[in-house]
Amino acid sequence: LSGLPGFELSTSRKKRIIIVGSGPENERVESLLKKTEIRAEVIGFVSTSHETSGKFLGQTSQLAESIKINRIDEISFCAADISSQKIISTMMSLSDIRINYKIAPPESLSIIGSNSINTAGDLYLIDFSSITKASNRRNKRLFDILSSLFLLATYPVSFFFIKKPW
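Here we summarise the structure given alongside this text. (Residues numbered from 1 in each chain as written. Predicted model: local features only at pLDDT ≥ 70, side-chain atom pairs only at ≥ 80, totals over all residues. Heavy atoms only, no water.)

### What to know about the pairing of strand β4 (residues 74-78)
Inference 1: Buried residues dominate β4, accounting for five of its five residues.
Inference 2: Covered by surrounding structure in β4 are Glu74, Ser76 and Cys78 together with Ile75 and Phe77, the residues of both alternating faces.
Inference 3: Pairing between strand β1 (residues 15-21) and β4: four bridges, direction parallel. Counterpart to valine 20 in the pairing with β4 is phenylalanine 77.
Inference 4: In this structure, β4 lies alongside strand β5 (residues 100-104), joined through five bridges in parallel fashion. In the sheet register, serine 76 faces β5, and the bridge partner there is lysine 102.
Inference 5: The parallel pair β4 and β5 is bridged by helix α3 (residues 84-93), and the resulting crossover is right-handed. (Buried < 20%, exposed > 50% of the residue type's maximum accessible area, 1.4 Å probe, protein only. Helix = DSSP H or I, 4+ residues; strand = E, 2+ residues; numbered from the N terminus. Pairing = 2+ DSSP bridges. Right-handed = clockwise from strand over helix to strand, strands pointing away.)

Below you can see the structure in the form of structure tokens.
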């Protein structure tokens, strides 16, 4: 209610994201973001080279202006295209701007980053068929029950074949 940035309670607003990298890597990171469960809107790309045509909003030297003009909430760096030293120096140069940083490792299916030194941070993952899905939990529970019933039913027979059954 105060209107101060960083104190919003509503999570219905989409995150506005800029991806910093080259063409193919930018598209890979954009597709990763679309497959995750976060509410994100990729505003555009920032080129690591001198290319500024197409979807590119500019170069890394113009990143601060792009953030202010487009009201960006988060920057995702493509680690395949930018050295760690360049990523850190860019973060340091933008330290006065209140923004979140994420790094997409090359050939990975995740995007990692922490907003604070005191927090564990976020991990954007593609949701594969994990145990957290209700159908998978139900199938695992059914397997557990059936296997335990089978083991209980066959225990009297196996009792005679075990040297120390107790």
